[in-house]
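Survey of secondary and tertiary structure
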Amino acid sequence: MLRMVTIGVYGFDGDSFLRRLRHADVRVLLDVRQRRGVRGPEYAWANSLRLRAALAHAGIAYEHHPELAPTTELRRLQYAEDDRRGVGKRTRRELAAEYTRRYTTEILDRADLTPVVAALPSSGTAALFCVERDPEACHRSLIAQRLAERHHVTIEHLRPG
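Residues numbered from 1 in each chain as written. Predicted model: local features only at pLDDT ≥ 70, side-chain atom pairs only at ≥ 80, totals over all residues. Heavy atoms only, no water.

1. A look at the nonpolar core
Burial of nonpolar side chains together is a common tendency in soluble globular proteins. Grouped together as the largest cluster of nonpolar side chains are 49 residues, with contacts concentrated most on Val9, Phe17, Leu21, Leu29 and Tyr103. Ignoring sequence-local partners within four residues, the contact set of Tyr103 consists of Leu68, Ala69, Pro70, Leu74, Leu108, His139, Leu142 and Ile143. (Core = buried A, V, L, I, M, F, W, Y, C linked by side-chain atoms within 4.5 Å. Buried < 20%, exposed > 50% of the residue type's maximum accessible area, 1.4 Å probe, protein only. Contact = heavy atoms within 4.5 Å.)

The structure is reproduced here in structure tokens:
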């Protein structure tokens, strides 16, 4: 049975993030961010170089999948909807319908997920990683849904706390 988890940055610190990955038996982290940095000193641990070093120390492999990241234009579309709704990126609870439609047609429908599935670890699991706390507020949930529907991957969404 193929299994995968998803996880974000917000709500974790570096130690709790790694504990959560270890508890889920994550062997490889698939970073689906376009820009691999996070603003704010409390999230400096999630910036690419620090994150990769911490993962290597924990024995967790790292892969960057920029082909699954939303474009700058798509992120701006979501930010505009966040502004309209009066929510911030760190408090968003859902994706805008237009963002979801466009991400699906412009990114996900063009992506070949077969190599991602083929590279899943034979023991343990892989984690789709982005920034948002809640998967429903992040494109990683759309990737996860596609993996479940078309590749029969069992998905679990990891949350802080």
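There is more to say after this.
2. Brief notes about the packing of aromatic side chains
Following the criterion strictly, the structure yields five aromatic pairs and no others. Plain terms: the ring middles of Phe17 and Trp45 are 4.9 Å apart, the flat faces sit at 45 degrees to each other, and that makes the pair tilted. With Phe17 in helix α1 (residues 14-23) and Trp45 in the loop between β2 (26-31) and α2 (48-57), this pair connects stretches of sequence that are 28 residues apart. What makes Trp45 buried here is its relative accessible area of 16%. Taking the centre distance of 6.2 Å and the plane angle of 10 degrees together, the rings of Tyr99 and Tyr103 count as stacked. Here Tyr99 and its partner Tyr103 are both found in helix α4 (residues 97-106), four residues apart, which amounts to about one turn of the helix. Pairwise contacts between aromatic rings join Phe12, Phe17, Trp45 and Phe129 into one cluster. (Phe/Tyr/Trp six-rings, centres within 6.5 Å; stacked < 30°, edge-to-face > 60°. Helix = DSSP H or I, 4+ residues; strand = E, 2+ residues; numbered from the N terminus.)

3. Some words on the side chain of Gln78
Note on placement: Gln78 falls in helix α3 (residues 72-85). Residue Gln78 is classed as buried on the basis of its relative accessible area, which comes to 3%. Polar contacts involving the side chain of Gln78 include one to the main-chain amide nitrogen of Ala96, which spans 2.9 Å. If we skip the residues at most four places from it in the chain, Gln78 touches Arg92, Glu94, Leu95, Ala96 and Tyr99. (Polar contact = N/O pair within 3.5 Å; in protein donor to acceptor, adjacent residues only side chain to side chain.)

4. Overview of empty space enclosed by the protein
Using the criterion set out here, one finds one cavity of 30 Å³ or more in the structure. Considered as a void within the structure, the largest cavity measures approximately 40 Å³ in volume. In terms of lining, the largest cavity is formed by Val28, Leu30, Glu63, His65, Val116, Ala119 and Leu120. (1 Å grid on protein atoms, 1.4 Å probe; cavity = no way out; pocket = protein on both sides within 12 Å on 5 of 7 lines; lining within 4 Å. Points joined across faces, edges and corners; volume = space filled by probe spheres on them.)

5. Some thoughts on the environment of Met4
Among the structural elements, Met4 can be located in strand β1 (residues 3-7). It is 6.7 Å that separates the C-alpha atoms of Met4 and Val153, two residues lying 149 residues apart in sequence. Dropping the residues within four chain positions of it, Met4 is found in contact with Leu30, Leu120, Thr125, Ala126, Leu128, Leu147, Val153, Thr154, Ile155 and Glu156.

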